[in-house]
Amino acid sequence: MSEHTDDLVAVTVTVNGMTHSRRIEPRMLLSDFLRHGLGLTGTHVGCEHGVCGACTISVGGRSARSCLMLAVMAEGLEIETIEGQGTPEALSRIQKAFQDHHGLQCGFCTPGMVMAIADLLAHHPLETDDQIREGLSGNLCRCTGYINIIAAVRELARERGPLT
Amino acid sequence: MNKPDYSDVVMRPKLVGKRIKRTEDLRLLTGTGEYVDDVQAAGMVHVAIRRSDRPHARIIAVDAHAAFDIPGVIGVYDMTDFEGECEPAVPTSRMKDYYATPTWPLARGKVRYVGEPVVAVVAESRYAAEDALDHIVIDYEPLPFAIRQVDAVKDDAPLLHEEAGTNVIVRREFVRGDVEEVFRTAPHKVGGTFRMTRKCPSPMENRSYMAQWDKRNRALTLYSASNIPGVVRDVLSGCLGLSSHQLRVIAPDVGGSFGGKGSLYSEEMLVCLLARKLQRPVKYVADRLEDLAAMSQAFDELIEAELAFDDEGRFLGLRADVIGDVGAFSIYPWTAALETVQVISFLPGPYKTEAYHGRIRGVLTPKPPTGPYRGVGRPSSTLAMERLVDMAARKIGMDPAEIRRRNLVRREDFPYRTAPGIIWDQSAFLECLEGACAALDYPALLDRRDAMRAEGRWVGLGFASYAELTGIGSRISVAPGMPINTGTETANISIDATGVVTAAFGVASHGQGLETTLAQIIADELGCAMADIIVLHGDSSLVPMSTGTYASRSAVLGGGAATVTSRGLKAKVLRMAALLMEQQTGDLDLHDSTVTSRASNQSLTIKEIAKAVYNQMGRIPRDQREDLVFQETYDPYLGTACSSTHLCMLEVDPGTFGVRILDYVVSEDCGRIINPMIVDGQVHGAVAQGIGAALLEEVIHDGEGQSVAASLADYLLPVATDIPDIAIVHIEAELPNNVGGFRGMGEGGTIGAPAAIANAISDALAPLGVEVNKLPATPDRLFALVRAARQDKPPAE
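Note that this is a predicted model, so its numbers are computed, not measured.

In terms of regular secondary structure, chain A is built from five helices and five strands. Listing every helix and strand of chain A by position from the N terminus yields β-β-α-β-β-β-α-α-α-α. Projecting the C-alpha coordinates of chain A onto the three principal axes gives extents of approximately 50 × 30 × 30 Å. Buried positions account for 57% of the 164 residues belonging to chain A. Once local pairs closer than 6 in sequence are excluded, the contacts in chain A between residues at least 24 apart make up 57%. For chain A, the accessible surface area stands at approximately 6500 Å², while carbon and sulfur atoms represent 53% of it.

Structure representation (structure tokens):
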């Protein structure tokens, strides 16, 4: 990775419906840009290797690891983070299922889980527990043993019905 | 017999025992929680740390000249820059033959493991600070070292801490009965070498610290991803020469710990020193490589153990010689005794074993220090004991459930004093075993196993029964004379002028949901609505003395403190209500935030009472008025047993040597359950960590002292496809002798699962004569065992 440079580049991204323009170092990670540039600290960083999935966000409608993208790669794209899902006053359906099923403990992996599940529900059949487990296997959780997360997704998939 | 008539009793709904949804969840689910790295401050600077790449070397010189060429770099510091500004943290203990290694903010004179912090760079951004690391040149003089504990323990081994005069800094021994004689005359003996290799606790949030110097008050605030903020406050104020009201340690939302954030770290001292030196907010956030390299690690004992028993399968004697690899330092505040001594303290487990000889030597090696990790010592001791139990059963052709049934401490034996001196108060040891067998229909399970085996499949089942001491009071210390008191917990509960309840504790919830469970207890005991209660925790300034949340203590001690303090406060509320209503307190009830009088039709809400006490001058006679505040400390003294049996069936793939768990049940007695949803979540998570320890996770240091695990792609944590459904049986057979009747239960799953899995794999591979005594049972390790068994020679390792 190149060292510090004064050559800042302009980037414009739309995050949770709001468009932001900033001048940033080209090497800045998207995860750092969201967290420290835009103050959206709901996206968490667990490994910066793309392994743990805590930093999962939605880019152009599909889930992506924000630690594996440079912020400049998001130029012109639509991003959704956990802050776009729901609020403490009005949880999204996925967030509500997590609370109902106790799908979180320390909460650190949770934003990434929720964003990954939004993608799974939109694009994957999730007809069996094996399929749900497979779908969740890219996101690490150290607290729950996944069992209650699987229960939450099972309920969400049942509610959604078969993919059309 | 007539049914009692309860028709005149008003049944009040209780919150304790109910699946109450967590109040923490709203912020954590929506990205509005606040973890340390989310904390911002104007003028904040960032630290990156150059860590040792040598296992043992003298620091000759540090040349940081070129680092200052990086734009944004503010300063570069090694230990010489802090001399005279701090004292080390020393984990003292009265233990005989113990040496307490000092912990400094950066390596002082020498480095003693790969990953030890040596030089700190402070810069305007983390990016700049990391750039500068590459421009620092450290001149080392390599020193000899012994990386394996069997070598480090030798008399002529190179010394890591010369002042200690030895690498063996902890020695303990427990003896009961004439063990030699028992083993000389016993009809049967089994034995082996057992080992849980090193683990990294690996919470999803890495260690994170931010220190802020307040010029106005000449005081520091440290935001720390810690589960022991009170301990950190007490020790750091001493190290930094501050009075304790000049240091406040706040653990905001903490992204898991599992013990890894439960000790004092050099980096916490470092950010405090830098914040004071620079008079600016200073943040340091470890990356995953740093936490894999330098977070406190787990286990790593080499256990030689032997069990003597008779033809009936009754245990006659047990002996063990253990070498614990404690890493390069004795960790603050727990000491190097924490992990090591527990192995021999708990080795006899839940069984009656009259003759016992356990010996441990804790030896320094050039690796990160071992410290608390979910289960502490007992995953290792349970692996050894439960393997011995299964080996014994196999030797005399007895069913593994039956041999456990014959040896478990029974109801009539409680309280039972184990050979190392642990008191089992009373717990459902036997009922847990029977519960596990019933849940999976044990006879049918055996038939299923045998049917699959008949098809040539490698299928086996395994038990693990264990007991742990939880909620330990002031009678028992991890290390005698250690610097902290783990045996008490204080609650301060107040009702303010608007009638809402603020409950402050010394615990530090980091995923356990204590804001919810403690509020459940207070709501029941005080008689107020849960929505009117806020639980404060994770802040050293809340109560006069606090430690935090660890060692399965918070339900027992925090719950106990919540109970006794609520009761004291309730008495005050009733006294004030009695004055206001002109009634006797004995005629008053407090439920649903309302005091009602049985002798009249009067009622007053807590809000009305608070208004009268605080805001309405003269309503209560001046000499009888009391603030609605109560503080009480709870000490359970001995602690209470939590017990469990795990039973699982699994299959080893003869092609890949991967293990697939088919069935899993945990049958446990954790006393009175506060919130069954949370208890089940703790069991799931702890079993998952046990499965990780049994099958996947291993910190490996090569012969050069380098850790092979650099990322979570090397150090494998369980993913969703690794964890089976887990059935849970709750047994509340006997309530323990403490306030509230709660037992601690957060760690048990990690204690039982490795042993159950090792037993099940050994059962699956029994036709080949393979015994699995070292975990994790990775595919390559199983392959080597099977190949060696087929060639009838011992495996290479």
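A few words now on the overall build of chain B. Counting secondary structure elements, chain B contains 18 helices and 29 strands. Projected onto its principal axes, the C-alpha coordinates of chain B cover approximately 90 × 85 × 45 Å. In chain B, of all internal contacts separated by at least 6 residues, the share reaching a separation of at least 24 is 80%. Just so you have it, chain B exposes about 28000 Å², and 50% of that area is on carbon and sulfur atoms. Side chains of chain B give 81 positive and 104 negative charges; the mean places of these two sets differ by 2 Å.

Glancing now at the domain arrangement of chain B. Residue and element names in this part refer to chain B. If you check the domain split of chain B, you get domain 1 (43-143 + 204-256 + 261-294), domain 2 (301-475 + 637-790) and domain 3 (489-634). A C-alpha centroid distance of 36 Å is found between domain 1 and domain 2. Across the contact, 28 residues belong to domain 1 and 26 residues belong to domain 2. Summed over both partners, the interface of domain 1 with domain 2 buries about 2100 Å², with 70% contributed by carbon and sulfur atoms.

Across the boundary between the two partners, chain B contributes 58 residues, which contact 51 residues of chain A. In total, about 4600 Å² of surface goes out of reach between chain B and chain A, with carbon and sulfur atoms giving 58% of it. It is B:Leu29, B:Tyr127 and B:Met204 in chain B that bury the most area against chain A; as a group they hold 18% of the surface buried on that side. Our count for the contact surface shared by chain B and chain A stands at six salt bridges. Across the salt bridge formed by A:Arg27 and B:Asp131, the nearest N and O atoms sit 2.8 Å from each other. Along the contact surface separating chain B from chain A lie 26 residue pairs in polar contact (both at pLDDT 80 or more). Looking at the side of chain B that touches chain A, the elements that each hand over two or more residues are helix 1 (25-29), helix 2 (126-133) and helix 16 (676-695) of chain B. At eight residues, the largest contribution of residues to the side of chain B that touches chain A is made by helix 16 of chain B. Split into classes, the residues belonging to the side of chain B that touches chain A amount to 28 nonpolar, 18 polar and 12 charged.

This part takes up the sheet that holds strand 13 (residues 301-309) of chain B. Spatially, six strands are ordered 7-15-14-13-8-29 (chain B) in an open sheet, and the strand pairing comes out mixed. Sheet topology places strand 7 (168-176) and strand 29 (774-775) of chain B at the edges, where each strand pairs with a single neighbour.

Turning next to the confidence of the model for chain B. The share of residues in chain B with pLDDT of 70 or more is 97%, and the mean pLDDT across the chain is 95. A low-confidence stretch, residues 1-10 of chain B (pLDDT under 50), is modelled with zero contacts involving residues beyond four sequence positions or located in other chains.

What follows is about empty space enclosed by the protein. Residues and elements named next belong to chain B. Under the definition given, this model contains three cavities of 30 Å³ or more. Empty space within the largest cavity amounts to approximately 60 Å³. Tyr466, Glu468, Cys642, Ser643, Ser644, Val666, Glu668, Val683, Met745, Gly748 and Gly749 are the residues that line the largest cavity. At the level of secondary structure, the elements contributing two or more residues to the lining of the largest cavity comprise strand 18 (458-470), strand 26 (640-652), strand 27 (659-669) and helix 17 (748-764). Counting residues per element, the lining of the largest cavity draws most heavily on strand 26, which supplies three residues. Here the lining of the largest cavity is composed, by residue class, of five nonpolar, four polar and two charged. Considering only enclosed or pocket space, the second largest cavity measures out at about 50 Å³ in volume.

Residue and element names in this part refer to chain B. This structure, assessed with the given rule, holds 12 aromatic pairs over all chains. With a centroid separation of 5.1 Å and an interplanar angle of 85°, the aromatic rings of Phe414 and Phe429 are classed as edge-to-face. Separated by 15 residues along the polypeptide, Phe414 in the loop between helix 10 (400-407) and strand 16 (416-417) and Phe429 in helix 11 (residues 429-439) bring together distant segments of the chain. Of the residues examined, Phe429 reaches a relative accessible area of 3% and is grouped as buried. Geometrically, the ring pair formed by Trp424 and Phe429 is edge-to-face, given 5.9 Å between the ring centres and 75° between the ring planes. Ring pairs connect the aromatic residues Phe346, Phe414, Trp424 and Phe429, which therefore count as one cluster. The cationic tip of Arg108 hangs over the ring face of Trp104; the distance from NZ or CZ to the ring centre is 4.0 Å. Here the guanidinium or amino end of Arg378 rests over the ring plane of Phe346, the centre of that ring lying 5.3 Å away.

What follows deals with unusual backbone geometry. The amide bond that connects B:Phe414 to the next residue, B:Pro415, takes the cis arrangement and shows omega of -5°. In this structure, B:Pro415 sits in the loop between helix 10 and strand 16. With an omega dihedral of 10°, the bond running from B:Leu775 to B:Pro776 counts as a cis peptide bond. Residue position: B:Pro776 is located in the loop between strand 29 and helix 18 (779-790). A positive phi angle, close to 50°, is found at A:Asn16, a residue other than glycine.

This part takes up the pattern of salt bridges. Side chains carrying opposite charge are able to pair once their charged atoms draw close together. All names here are of chain B. Applying the stated criterion to the full structure yields 70 salt bridges over all chains. Among the salt bridges present, the one from Glu83 reaches Arg108, with a minimum N-O distance of 2.9 Å. Of the two residues, Glu83 is situated in the loop between strand 3 (73-77) and strand 4 (110-111) and Arg108 in the loop between strand 3 and strand 4; the sequence distance between them amounts to 25 residues. Judged by relative accessible area, Glu83 falls into the partly exposed class, the value being 37%. Overall, Arg108 belongs to the partly exposed group, its relative accessible area being 40%.

Quick look at the packing of helix 3 (residues 110-123) of chain A against helix 5 (residues 147-160) of chain A now. All names here are of chain A. Where helix 3 contacts helix 5, the two axes come as close as 11 Å, and the packing angle between them is 30°. Handedness of the crossing formed by helix 3 with helix 5: right-handed. When helix 3 is examined against helix 5, the residues Met113, Ile117, Leu120 and Leu121 are found in contact with a partner set consisting of Ile149, Val153, Leu156, Ala157 and Arg160. A per-class count over the contact of helix 3 with helix 5 returns eight nonpolar, no polar and one charged.

Here we come to the nonpolar core. Counting 207 residues, the largest nonpolar core has A:Phe98, A:Ile117, A:Leu136, B:Leu236, B:Trp424 and B:Ile761 as its most contacted members. Dropping the residues within four chain positions of it, A:Phe98 is found in contact with A:Gly103, A:Leu104, A:Thr110, A:Met113, A:Val114, A:Ile117, A:Ile149, A:Ala152 and B:Leu29. Listed in part, the 44 residues of the second largest apolar core include B:Ile495, B:Val501, B:Leu514 and B:Leu628.

Calculation criteria
Residues numbered from 1 in each chain as written. Chains lettered and ligands numbered in written order. Predicted model: local features only at pLDDT ≥ 70, side-chain atom pairs only at ≥ 80, totals over all residues. Heavy atoms only, no water. Helix = DSSP H or I, 4+ residues; strand = E, 2+ residues; numbered from the N terminus. Buried < 20%, exposed > 50% of the residue type's maximum accessible area, 1.4 Å probe, protein only. Contact = heavy atoms within 4.5 Å. Areas by Shrake-Rupley, 256 points an atom, 1.4 Å probe, with all protein chains shown as cover. Lys, Arg positive; Asp, Glu negative; His and termini not counted. Charge placed at Lys NZ, Arg CZ, Asp CG, Glu CD. Domains from an automatic or database assignment. Buried area = accessible area lost by both parts, 1.4 Å probe. Salt bridge = Lys/Arg side-chain N within 4 Å of Asp/Glu carboxyl O. Polar contact = N/O pair within 3.5 Å; in protein donor to acceptor, adjacent residues only side chain to side chain. Nonpolar A, V, L, I, M, F, W, Y, C, P; charged D, E, K, R; others polar. Pairing = 2+ DSSP bridges. pLDDT = per-residue confidence, 0-100. 1 Å grid on protein atoms, 1.4 Å probe; cavity = no way out; pocket = protein on both sides within 12 Å on 5 of 7 lines; lining within 4 Å. Points joined across faces, edges and corners; volume = space filled by probe spheres on them. Phe/Tyr/Trp six-rings, centres within 6.5 Å; stacked < 30°, edge-to-face > 60°. Lys NZ or Arg CZ within 6 Å of the ring centre and 35° of its normal. Axes fitted to C-alpha atoms, helices over the stretch in contact; angles between N-to-C directions. Left-handed = near helix turned anticlockwise from the far one by under 90°. Core = buried A, V, L, I, M, F, W, Y, C linked by side-chain atoms within 4.5 Å.

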